[in-house]
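# Summary of the model geometry
Residues per chain are reported as follows:
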Amino acid sequence: MEKNYDPKQFEERIYARWLDKGYFTACPNTDKKPFTIMMPPPNITGQLHIGHALDGAIQDAVIRYKRMRGYEALFMPGTDHASIATEVKISAKLVQEGTSKEKLGREGFLARAHLWNKQYGGQIALQQRRLGLSCDWRRSAFTMDKQRSGAVREVFVNLYDKGLIYRGDRLVNMCPSCRTALSDAEVEFEDADSRLWYVKYPVEECDEYITVATTRPETMLGDTAVAVNPKDKRYKNLVGKTLTLPLNGRKIPVIADDYVLADFGTGAVKITPAHDFNDFEVGKRHNLPSVTVIDDDGNMNNNAGEFEGLTAAYARLAIVEELQKQGFLLKTEEYKNKVGHCYRCRCVVEPLISKQWFVRMDSLVAPAVTAVKKGKIRFLPVRFKNNYLRWMENTRDWCVSRQLWWGHRIPVYYCARCGKETVSKTDLTKCPVCGGAVTQDEDVLDTWFSSALWPFATLNWPTNSPDLDFFYPTSVLATAYDIIGFWVSRMIFSGLEHTGKIPFSEVLIHGIVRDRDGKKMSKSSGNGVDPLDVIDIYGADVLRISLISGVSMGGDMKYSEEKAEGYRNFMNKLWNASRFVLLNSEGLTLIDLKKACAYLGLAEKWILGRFSITAGIVRKLMDKYEIGLAASVIYEFLWNEFCDWYIEESKISLYGSDQKKRNVTLNVLLYVLRETLKLAHPIIPFITAEIFDQLPNKDAEDIMVSPYPSAGRGAFKTAVKDMGEVIAAIKEIRALRHEMNVPAGKRPALFIRPRDGAEKLVKDSLKYVQKLGFASDVTVIKDKPDGKTVVLATALGEVYIPMGELVDAAAELFRLDRELEQIAEEIARAEGKLRNEGFVSKAPPALIAQEREKLNKFIAQRELVVKALERLKNV
RNA sequence: GGGAGCUUAGCUCAGUCGGUUAGAGCGCUUGCCUCACAUGCAAGAGGUCGUAGGUUCGAGUCCUAUAGCUCCCACCA
């Protein structure tokens, strides 16, 4: 073995072997229970970022754990065509190349997009392999491949036939840059410094006027009413009157509607049904006409009169100027409001009326809400349940058509001859009614329309396959909290609607990756970390454990180079501990430890006991998907117990002359190492596999198909407790040495007077105390030794160290004084507690007994220190 | 405007059912190249657990209020 951990030596080799052996493949298997995770398909917009690595590391840890626990574990990989996101990227690239999507035309553009998919889709899979993800690659799916496209068509047609999909002229969010409609979820609101303009609208046939306050004067030429609150006394007599729209003189009515708040602004609102969602609703209630003044491209149209052709932003300035000039502008105020932006290109979206396809949500929402409320689908952590429910309960009809090219083209055909509209699961060229030529709808579907089908489309739904029967519903869906609305909710109602079953029973929500300052990592802010870079430097295991550790569920995680370094050191520690064990394995005879109990020393029993406790804790945490906490538990066991204590203790018999003892010790070392590797394997698969391969006691063909360690029931309880006392005593001895400035190489003799009942324990632990307490030798005594000594009250009893040339009296005096002080404090605390009647009468008896015991211990300790002080002063 | 989360050592975070002297890693100080590992070993300093109340024999933990930070949702023009 190399002296230092070097993942480059083995990660790729081991992954290739796993692939070769087919360990990742999952098949319907009636002997086993299924466990299924559908990986959220990354967008093919580019390479994977660190967030994907976190996502992957969590899911792979879960799936490897379940596989080792005996499940038929399917980890389904795939990619998402990401309609708008990819199209935006490719368009930008084309512009860079001096061409454009328009110049290429639909066919040319799609060819280009497929090429793009080949390139990035392949790259993503490679990155996932380097991370060590144990996906069943044979099943790899793409949201736009043949099978998935079939599922999309099936769903569209079914929804259409059920009347759950319709086409209509509705107000939708349009992105003027992407030139497409967006769903509500795709609009992100951001704070903006704006203004509130107060504009006078003259009342017809009198000198009065109504002042309206608006943030969007450019839409005023599309106003078709001014609304006031019906209870507002100021305007009561004006309701029903007619106003003259400034600048173009159009006549509009004053209407009363509850939507208007009397105490905001002037209490009068201009109503523009064509460019505002609320106004659209008001318009419907009052049968108002709607006048569109802004077109799809974001420019003013001919309804805007002299402002036609201006961009909306420019028209705003021009209109305000004109209002001012003509005396209609009363005043202007600074104002902060929220403005919607396109989630892909960041442009300001424009609510516009257009013909779009919608999914009717009302009947889909109810079952999806019930499934979660009744606990059929559990969110972890639970707080995200509310997040989901709120989203579901507030959702409006889902606009699913997009004026894009890259995506699933809407399977609706229009007949030029008879005008009939036909939906079809297969491509049509002729109208089924009249045989006339048909043209397909130009639009494609929202990218989330296909993502929503992922849990079952990946299992080849609607084909009724053994795979679908066996692996569906899936087990866990793991994703970050930012796409609960976009994706999780839509998978739930889609699964219920189309398969009649929930798509998954648990939703595991994790946070997003931030940099060391807590900022969201992204390419645009330049603080992104490329997972491949980290893997190149530190290895996949380090990346995985760095991302997983030190976070509890649902929380964001901060990544920094220092963190990676820390875990690289941990890998090195594990590597070298294994190296130590293997280097000493010469002459090994494997034995069954269960039959060798009589030959186990205290330290052996202790480490075996500690291991089984640790295994129990880790299992429980893994069952709860608390992988980060499981990682910490393993880390601490391996480093602070196995390495710091057991390996050191094992050296006594390893380098001793008793061959039988040596062999038993070696067997214990190998056993604990092997089982600890298994505990850690789901989190750090590569290093554990590499070491496992070299173990002389390996008990499976490969660690990833070995059974996960079980907890064992309270094994070696006494030894665990006893060794705890020995360790505590040794630590005290070491601390004393340090405090007394004993030179590192100096080994004094020690004398121990065991406390009552600890005689045997002291005898059994002499060798440990001697080696790890850096003593020349340790002698058990019944009385205080002669001569000048330093005394120490330890868990084992009184420990005496001859002062001799080692320590100076002044330092010892100081130490004892300070110790006396500390003991006094503890005694006061314990006595106070025990004097408290409430405590004595109400606290559990065990706790009171514990407190008494502690008090007695401190009193004895005080006695010892007092006597030592006296002796010291007499000398 | 509504909701959620966070606030514990210089930094990043654990802390289970309310119960030992509140923990870890990094960083810092001191001493060590001790035959697995200096990517290491040993010892140590460092915390009135955001603030104010309350419940309790006992509160980092439960309740109320409050401040700061972060996020989500929402139609106040």
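Residues numbered from 1 in each chain as written. Chains lettered and ligands numbered in written order. Predicted model: local features only at pLDDT ≥ 70, side-chain atom pairs only at ≥ 80, totals over all residues. Heavy atoms only, no water.

### Considering the packing of aromatic side chains
We apply this condition: Any pair of Phe, Tyr and Trp rings, taking the six-membered ring for Trp, is counted once the centres come within 6.5 Å. Such a pair is stacked with planes under 30 degrees apart, edge-to-face with planes over 60 apart, and tilted for the rest. To qualify as a helix, a DSSP run of H or I must reach at least 4 residues; to qualify as a strand, a run of E must reach at least 2; elements of each kind are numbered from the N terminus. Throughout, exposure labels follow a simple rule: accessible area from a 1.4 Å probe, protein chains only, divided by the maximum for the residue type, with under 20% read as buried, over 50% as exposed, and the rest as partly exposed. Two limits define a charge over a ring: the Lys NZ or Arg CZ must be within 6 Å of the ring centre, and within 35 degrees of the ring normal.
This model, assessed by the stated rule, comprises 33 aromatic pairs. Seen in terms of ring centroids, Tyr 15 and Trp 18 are 6.3 Å apart; in terms of plane orientation they differ by 75°. Their pairing is edge-to-face. Here Tyr 15 and its partner Trp 18 are both found in helix α1 (residues 11-21), three residues apart, which amounts to about one turn of the helix. One exposure class covers both Tyr 15 and Trp 18, and it is buried. Centre to centre, the rings of Tyr 15 and Phe 686 are 6.4 Å apart; their planes meet at 50°, and the pair counts as tilted. One end of the pair, Tyr 15, is in helix α1; the other, Phe 686, is in helix α20 (residues 685-694), with 671 residues separating them in the sequence. With a relative accessible area of 5%, Tyr 15 lands in the buried category. Taken together, the ring pairs connect Phe 156, Tyr 160, Trp 357, Trp 398, Phe 449 and Phe 493 into an aromatic cluster. The lysine or arginine in question, Arg 129, covers the ring of Trp 137, its NZ or CZ lying 4.4 Å from the ring centre.

### Considering the protein's contact with RNA strand B
Under the convention used in this document: Being near a molecule or strand, for a residue, comes down to having at least one heavy atom within 4 Å of it. Contacts described as polar in this section are N or O atom pairs within 3.5 Å, which, within protein, must combine one atom able to donate a hydrogen with one able to accept it, while residues neighboring in sequence count only if both atoms come from side chains. Polar here means any residue outside two lists: the nonpolar Ala, Val, Leu, Ile, Met, Phe, Trp, Tyr, Cys and Pro, and the charged Asp, Glu, Lys and Arg; Gly therefore counts as polar.
Taken together, 52 residues lie near RNA strand B, and Leu 261, Tyr 335, Asn 576, Arg 829 and Lys 842 sit nearest. In RNA strand B, the atoms that sit within 4 Å of the protein are 59% sugar and phosphate, with bases accounting for the remainder. Within the side chain of His 738, one N or O atom sits 3.3 Å away from a sugar or linking oxygen of RNA strand B. Asn 836 is positioned such that a nitrogen or oxygen atom in its side chain is 2.6 Å from a sugar or linking oxygen of RNA strand B. Elements that contribute at least two residues to the surface near RNA strand B include exactly β8 (209-214), β13 (329-342), α16 (561-583), α18 (627-654), α21 (717-739), α23 (809-835), α24 (837-842) and α25 (845-874). For the surface near RNA strand B, a count of residues per class yields 21 nonpolar, 14 polar and 17 charged.

### Quick look at the sheet that holds strand β27 (residues 778-780)
What counts, and what does not: Think of it this way: DSSP has to see at least two bridges between two strands before they count as a pair. Note on method: axes are straight lines fitted to C-alpha atoms, helices fitted across the in-contact stretch only, with angles between N-to-C directions ranging 0 to 180 degrees. Two residues qualify as a contact provided that any one of their heavy atoms is within 4.5 Å of a heavy atom in the partner residue.
Taken together, four strands build an open sheet; the order of strands is β27-β26-β29-β28 and the sheet is mixed. Looking at strand neighbours, the two that pair on one side only are β27 and β28 (789-793), the edges of this open sheet. Between one strand axis and the next, the sheet turns through 25° on average, direction left out of account. Pairing of strand β26 (residues 750-754) with β27 involves three bridges; the strand directions are parallel. By the bridge assignment, Ile 752 is partnered in β27 with Val 780. Of the strands in this sheet, β26, β28 and β29 (797-802) touch α21, which is tilted by about 140° from β28.

### Some details on α23
To keep things clear, this is the line we draw: Multiply 1.5 Å by the residue count of a helix minus one, and that product is the helix's expected span.
With 27 residues, α23 ought to run about 39 Å at 1.5 Å a step, and its terminal C-alpha atoms sit 38 Å apart, in line with that. Among all positions in α23, only Glu 812, Arg 815, Leu 816, Glu 819, Ile 823, Ile 827, Ala 830 and Leu 834 are buried. Where α23 is buried, its residues touch α21, β28, α24 and α25.

### A word on the side chain of Glu 604
Stated formally: Just so you know, the count uses Lys and Arg for positive and Asp and Glu for negative, and it drops His and the chain ends. We define a salt bridge as a side-chain nitrogen of Lys or Arg found within 4 Å of a carboxyl oxygen belonging to Asp or Glu.
Here Glu 604 lies in helix α17 (residues 602-623). Despite its burial, Glu 604 pairs with no opposite charge, the nearest such side chain being Lys 767 at 6.0 Å. Those residues in contact with Glu 604 that sit more than four places away from it in its chain are Tyr 646, Thr 665, Val 668 and Tyr 768.

### What to know about the pattern of salt bridges
Evaluation of the coordinates by the stated rule reveals 61 salt bridges. With a shortest N-O distance of 3.0 Å, Asp 257 and Arg 285 are connected by a salt bridge. In this pair, Asp 257 sits in the loop between β11 (251-256) and β12 (268-271) while Arg 285 sits in helix α6 (residues 277-286), placing the two residues 28 residues apart along the sequence. According to the relative accessible area criterion, Asp 257 is buried, its value standing at 6%.

### Some remarks on helix α14 (residues 531-538)
To be explicit about the condition: By definition, the arc is the one covered by directions from the helix axis to the C-beta atoms.
Within α14 the residues assigned to the buried category are Pro 531, Val 534, Ile 535 and Tyr 538. Looking straight down α14, one finds its buried side chains confined to an arc of 100°; they lie on one side. Contact partners of the buried residues in α14: α1, α2 (50-68), α4 (101-131), α15 (540-548) and α16. Capping of α14 at its N-terminal end is provided by Asp 530; its side-chain oxygen lies 2.9 Å from the backbone amide nitrogen of Leu 532. One or two residues past the end of α14 sits Gly 539, with phi positive at roughly 100°.

### Observations regarding the packing of α15 against α16
Heads up, the rule is: Comment on the angle field: the value is read as roughly parallel under 35 degrees, roughly antiparallel over 145, roughly perpendicular from 65 to 115, and oblique elsewhere. Crossing handedness is defined as follows: a turn of the near helix away from the far one that is anticlockwise and smaller than a right angle gives a left-handed crossing, while the clockwise case is right-handed.
Packing of α15 against α16 brings their axes to within 9 Å, and their N-to-C directions diverge by 120°. When the interaxial angle is binned, α15 and α16 end up oblique. The handedness of the crossing between α15 and α16 is right-handed. Where α15 abuts α16, its residues Asp 541, Val 542, Ile 545 and Ser 546 lie against Lys 563, Ala 564, Tyr 567, Arg 568, Phe 570 and Met 571. A class-by-class count of the residues in the contact of α15 with α16 yields six nonpolar, one polar and three charged.

### Description of the sheet that holds β11
Ordered by their spatial adjacency, four strands build an open sheet running β10-β11-β9-β12, and the pairing between neighbours is mixed. A single partner strand is all that each edge strand has here, and the edge strands are β10 (242-244) and β12. Between one strand and the next, the sheet's axes are offset by a mean angle of 30°, whatever the strand orientation. The sheet contact formed by strand β9 (residues 225-228) and β12 spans four bridges and is antiparallel. Bridging from a neighbouring strand, Ala 227 pairs with Val 269 of β12.

Treat this as a map of the structure, not an account of what it does.
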